[in-house]
Structure formats: C-alpha cells, structure tokens
Amino acid sequence: MKLMTLAASLTLALSPGWLFAAADPVANAITSGKATLDMRMRYENVQQDNALKDADALTLRTRLTYQTGAAYGFSALVEFEDSRQVFNVDDYNDGLGSRPAYSVIADPETTELDQALLQYKSRMMTVKLGRQVIAWDNQRFVGHVGWRQDRQTFDGATISYTPMKNLSLNYGYLSQRNRIFAEERDVNADDHLLNASYKTAFGTLVGYGYLLEVDDNTDNGLDTWGVRFAGNTDLDGTTISYAAEWATQESDSASASFDADYWLLEGGVGLFGLKATLGYEVLGSDSGNYGFATPLATLHKFNGWADQFLTTPGQGLEDLYLTVTGQLPVGAWTLAYHDFEAEQSTPGVSDLGDEWNLQYTTKFAKHYNGGIKYAMYAAGDAASGKVDTDKLWLWVGASF
C-alpha cells in the first residue's frame, strides 16, 4: 500500500502540468533578465625620468553582462570581459613581462569570465556565491580597481545582513583574487572579510576586520582591524563633509612579524558648485622596514594618479592632499595636489615627492562618455628610488 501511495505521489509530482507550473517563475526570471554592454577605448602615455622608454597604449575594453530576474529570491549574473590593443599601439610593458624596455601600463590583453554568481535576496539578507565585484566603503581596503581595463574581482561568498534599520553586517570569504593582470597573476587566497556599518544622523560608523592570507603553503598572514566615520551636513547652503579613520595591522611570516597603523583625517566644504577637500592620510611604518599594506584596495584612487605608491614604502607614507572639484555646463573637473613624506625617515629617505592631478569628464548623447586625465609626479629624495613621472589618459566610452 505504501509503495502504491509513493508511486501515485511521484506520478503527480512528475506530471507535465506540475513541471510547467514550477518552471514558470524560473523561465520568467530568465526571459525578463537584462543584458548590458559597456565599452571603453583609452589611450595612455607614460614618461619617466629613467632608462625606460616612453610607453604608449591604445586599448579597448568590452564588458558584456547578463543579469536574470528573480525567482523565489534567487537570481544569477554572468559577465565576460575583453581587453584588446587597437591599431597596434602597444609600445608598453603590460606588467606580464612583455616589452620590458618600456614603462608599465597595466592593461594586458585578456578575455575572461569577469563575474559569474548566484544571488539570493530576502528582506534582510543578500547572499552572493561565485565570482563577483566587491567594493566596500570607499574602497581603501576592498575594491574593484575599475580604472584599469581588467578590473579586479574575487571568487568566494559574501553575505550582507540587515537585522535592523541603518545597521548592516557583512562577511566575505575569498578563495581567489582575480587581479588586474589577467588570469596569469590571479592569486589563490584564504581571506576573511568582516565589515559592519551603522548610519546615524551625522554620518556612517564602520568597523572592520580584514584577515588576509595568500594560499601558497607559506606563513603570510595580514590582519587589519579598524574603524571609520564619515558623513556630511548642510549649513545654510554650505555642505560640510568629514571623515576620520584608524586601523592597525599585523603582518606575519615564517621569518618576521611587523605592526603598523593607518590614520586618515579629511574635511571638505562645498559651496556655489565647488568643493574643496583637505586630507591627511598616514600609512604607518614598523621601524622603516615595513609599510602598512592594502593589497585588495582600489589603489589608483589614493595617493596620486601616477601610481607611485601602489606598494607602501618601508618608511611608510604621509600624504597631505588638497582636492578641488567643480561642474561645467558640459562636464566636471578635478584638480588635486599631494605632498608625500616618509612616515619614519631613514638615511637619505624623508621627502617622497609631490604630485599634481587634473581631470575633466563629460557625458553626451545619453549612452556616451569621455575624458582626459593627467598626473605629474616630481620625485623627492634620490634614495627613495622614485623618479619624475608624467601620465596622460584620453578615453571615450559607451554603455547600452
């Protein structure tokens, strides 16, 4: 009798009508999805006061994305990315060893799976499993490096939980870091990311812990714990912005252990369409032998666009900067100045140079954008190993 009941149940469960009814939400999710195409053609020129030849690159980055609709809270996303040299303008070192006589422009040719993830979303929780973009807070510690043609993504899982209004709890586990140098430089990892934020009337308070380790059978732990507060307020038409942050870091290997701290103080004033921001950022040093590191960050966004401090010097780094932004009828502009000093001076290394940055961006005809950007870095003490560097970018993009 039980077998007959089970057989009847299976027959009902496998009947075509039931299957079609169950498949409808899934089919609707797939057919109601959205495909997007994003393209960016960019020219970059690098000139350095050293033995390397001036570099030129003209590259086209194409990104094709498909996002499904939702079914029972589940959705999926798949994205492909391709970066190609255009018109054989390729006199540059792409960071993978080609043309070593030229300065580096970190845009190698590549075709790869940029994102592939399954997402579950409910009222209080979002879970993502697979290859994904992660950009937390201001991307100082975890970001996508979207300025490069091959942006950074991560393999793993992330969970965002909002148990109450204004409170967000985030966790991520990363098994691989997909870096900006194509698949040849991807890194196996055993990373744990913790981030909690609470919004107040005056700004957002964030606490975080980033426990990083390259999975290569060596001792290389990099643990960072910190707190950040940032916000803005309006005073009679004048916008006041502010940010303060502190973090401490421990780096361990089989042969050595180092500790360093991070500090940030920033204030801004916006009035009549202009905004001026003054900031002081310190990436500390341990006795001049180790500099505070942020290996998962969108580094180009910080410490000058000439990218002279993608790796913090052993002496650490103090960056005193002033940024002014404004709007034009057909675009926006940014002017920035950085003064760099060693956080802990060593013989011959104190002044780490200064840098000017200038950018203009615009959008036109709904789907298109373009811009021009320039960075001029002047080296400080010769013993720092830095040289005068000029970089120029021109680009045009389209999104559909």
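Residues numbered from 1 in each chain as written. Predicted model: local features only at pLDDT ≥ 70, side-chain atom pairs only at ≥ 80, totals over all residues. Heavy atoms only, no water.

## Thoughts on the confidence of the model for the protein chain
Right, so step 1: For the protein chain, per-residue confidence averages 93 on the pLDDT scale, and 94% of positions sit at 70 or higher.
Right, so step 2: Low pLDDT, under 50, characterises residues 1–22; the stretch is placed with 4 contacts to residues that sit more than four places away or in other chains. (pLDDT = per-residue confidence, 0-100. Contact = heavy atoms within 4.5 Å.)

## Thoughts on the nonpolar core
Right, so step 1: Among the nonpolar cores identified, the biggest contains 34 residues, and F141, V142, L193, Y210, Y262, F292 and L352 are the most heavily contacted of them.
Right, so step 2: For this core, the leading source of residues is strand β9 (residues 204–212), giving 4 residues.
Right, so step 3: Setting aside residues up to four positions removed in sequence, L352 forms contacts with F309, P313, G316, L317, F340, E341, A342, Y377, G380 and S384.
Right, so step 4: With 5 residues, the next largest nonpolar core counts A55, A57, Y92 and I105 among its residues. (Core = buried A, V, L, I, M, F, W, Y, C linked by side-chain atoms within 4.5 Å. Buried < 20%, exposed > 50% of the residue type's maximum accessible area, 1.4 Å probe, protein only. Helix = DSSP H or I, 4+ residues; strand = E, 2+ residues; numbered from the N terminus.)

## Considerations on the environment of F80
Right, so step 1: For F80, the position within the fold is in strand β3 (residues 74–91).
Right, so step 2: Its relative accessible area of 46% is what places F80 among the partly exposed residues.
Right, so step 3: Taking the C-alpha atoms as reference points, F80 and T31, 49 residues apart in sequence, are found 19 Å from one another.
Right, so step 4: Filtering out sequence-adjacent residues up to four positions away, F80 remains in contact with T62, R63, L64, E112, L113 and D114.

## Things to note about the pattern of salt bridges
Right, so step 1: Using the criterion set out here, one finds 16 salt bridges in the structure.
Right, so step 2: For R42, the salt bridge goes to D107, with nearest N and O atoms at 3.2 Å. Of this pair, R42 sits in strand β1 (residues 34–48) while D107 sits in the loop between β3 and β4 (110–121), and the two are 65 residues apart along the sequence.
Right, so step 3: A relative accessible area of 2% means that D107 is categorised as buried.
Right, so step 4: A salt bridge links E81 to R63; its shortest N-O distance comes to 2.7 Å. A residue pair is termed long-range when its members are at least 10 positions apart, and E81 in strand β3 and R63 in strand β2 (residues 55–67) qualify at 18 residues.
Right, so step 5: Owing to a relative accessible area of 1%, E81 belongs among the buried residues under this scheme.
Right, so step 6: Given the relative accessible area of 10%, R63 is considered buried.
Right, so step 7: One continuous salt-bridge network, built from bridges that share partners, spans R63, E79, E81, D114 and R151. (Salt bridge = Lys/Arg side-chain N within 4 Å of Asp/Glu carboxyl O.)

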